[in-house]
Amino acid sequence: MRVSISMTNFTVPGGPPELRDYLTRIARVADESGIDTLWVPDHLLPADPMSAIDDPMLEACTTLGFLAAQTERVRLGTMVTAVHFRPPSVTVKAISTLDVLTGGRAWFGIGAGYQQDEALAMGLSLPSVSERFERLEETLRLARQMWAGDTSPFVGVHYRLEHPANSPNTLRRPHPPILVGGAGERRTLRLVARYADACNLFDIPDGGKTLRHKLAVLAEHCAENDRPYGDIEKTVTTALAPGESAAEFARRCADLAELGAEHIVVITRNVPWTDEAVRIVAAGAADMPQP
């Protein structure tokens, strides 16, 4: 079982002047305590649903570059980049650069995107749902082509590239792990089965009914695509409860593992991470019973 943390709230004591020191501290605690991955959301407005629209939000690629310089071991990625935010070649190049400069620690987290309010507020295009999924599949195809070193023209419905070069290529071979975010059964999980190395589902308090069902659907898509179900890393996002102890968190992770989770992504609700909270998560991960 891997355990990661996702930083969704940047409203830190002392405000923006303290963000640099805050990020440095949390990143180093995560790096030193055994946390698998440090994730950041790729949004221009706050990702925490309890935040106000004018609360602080950091641009993801710049933030990952900063975190890379503060760490040595922990992996880094977005949870997740909306496909319509940037041209796909720019996204692939950013992840390739992160992977090279971190010695192979980058994730490629990508999804169809959904936030209409953010798009309207910030002047972003937000195509129809069907078009976003078409663009997502083309982006996944292009990423794998560029990481394979294939510079032949890429011709899709939405993207056309004459010479998709990617030098330097990633250190992680054949490419950084690809995580497709979202739980949609007809399109998202089918794309996971075809192109991704990991999915991201949610810890819904229904006794595991939803999680079991989503994983069963993913298994069906894997069978349809002749893809071993075991090839897909099953990540599940959950929130650290206020006052939750390391032992309590470890028991909750064990319960999620019984449902099929292999990698727990932990968020905080309406508060930023603290050193103590990161250490609780790390201690809980270490206390989990081993299979």
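Residues numbered from 1 in each chain as written. Predicted model: local features only at pLDDT ≥ 70, side-chain atom pairs only at ≥ 80, totals over all residues. Heavy atoms only, no water.

(A) Representation of the pairing of strand E11 (residues 263-267) in the model. Among the 5 residues of E11, 5 are classified as buried, and the element is accordingly described as predominantly covered. Neither face of E11 is left uncovered, since the one carrying His 263, Val 265 and Ile 267 and the one carrying Ile 264 and Val 266 both have all their residues buried. Judged from the 4 bridges that link them, strand E1 (residues 2-6) and E11 form a sheet pairing that is parallel. Paired with Ile 5 across the two strands is Val 266, which belongs to E11. (Buried < 20%, exposed > 50% of the residue type's maximum accessible area, 1.4 Å probe, protein only. Helix = DSSP H or I, 4+ residues; strand = E, 2+ residues; numbered from the N terminus. Pairing = 2+ DSSP bridges.)

(B) Molecular detail of the packing of helix H1 (residues 19-33) against helix H2 (residues 60-70). The N-to-C vectors of H1 and H2 enclose an angle of 55°; their axes lie 9 Å apart at closest approach. The pairing of H1 with H2 is recorded here as oblique in orientation. Note that H1 runs across H2; the crossing there is right-handed. Each of Arg 20, Leu 23, Thr 24, Ala 27 and Arg 28 in H1 lies in contact with H2, whose residues at this interface are Thr 63, Phe 66, Leu 67 and Gln 70. (Axes fitted to C-alpha atoms, helices over the stretch in contact; angles between N-to-C directions. Parallel < 35°, antiparallel > 145°, perpendicular 65-115°, else oblique. Left-handed = near helix turned anticlockwise from the far one by under 90°. Contact = heavy atoms within 4.5 Å.)

(C) Molecular detail of the layout of surface pockets. Approximately 1,200 Å³ is the volume found for the largest pocket. If you trace the largest pocket, you find 47 residues lining it, with His 43, Ala 47, Met 79, Tyr 114 and Phe 202 closest to the centre. Put simply, the parts of the chain that give the lining of the largest pocket at least two residues each are strand E4 (81-82), helix H4 (116-122), strand E9 (198-202) and strand E10 (233-239). By residue class, the composition of the lining of the largest pocket is 21 nonpolar, 19 polar and 7 charged. A volume near 270 Å³ is recorded for the second largest pocket. Contributing to the lining of the second largest pocket are 14 residues, with Leu 240, Ala 241, Pro 242, Gly 243 and Val 271 lying nearest its centre. (1 Å grid on protein atoms, 1.4 Å probe; cavity = no way out; pocket = protein on both sides within 12 Å on 5 of 7 lines; lining within 4 Å. Points joined across faces, edges and corners; volume = space filled by probe spheres on them. Nonpolar A, V, L, I, M, F, W, Y, C, P; charged D, E, K, R; others polar.)

(D) A look at helix H5 (residues 129-147). With 19 residues, H5 ought to run about 27 Å at 1.5 Å a step, and its terminal C-alpha atoms sit 27 Å apart, in line with that. Inspection of H5 places Arg 132, Phe 133, Arg 135, Leu 136, Glu 138, Thr 139, Leu 140, Leu 142, Ala 143, Gln 145, Met 146 and Trp 147 among the buried residues, and these make up the whole buried set. In the stretch just after H5, Gly 149 is the one whose phi turns positive, near 80°. (Expected span 1.5 Å × (residues − 1).)

(E) Representation of the sheet that holds E9 within the structure. Strand order across the open sheet formed by 9 strands is E3-E2-E1-E11-E10-E9-E8-E5-E4, with parallel pairing between neighbours. Whereas interior strands pair on both sides, the edge strands pair on one side only; in this sheet they are strand E3 (75-78) and E4. Here strand E8 (residues 178-181) pairs with E9 via 3 bridges, running parallel. Residue pairing for E9: Val 180 is matched across the bridge by Cys 199. Along the sheet, helix H7 (residues 209-224) contacts E9 and E10; its crossing angle with E9, the most-contacted strand, is approximately 155°.

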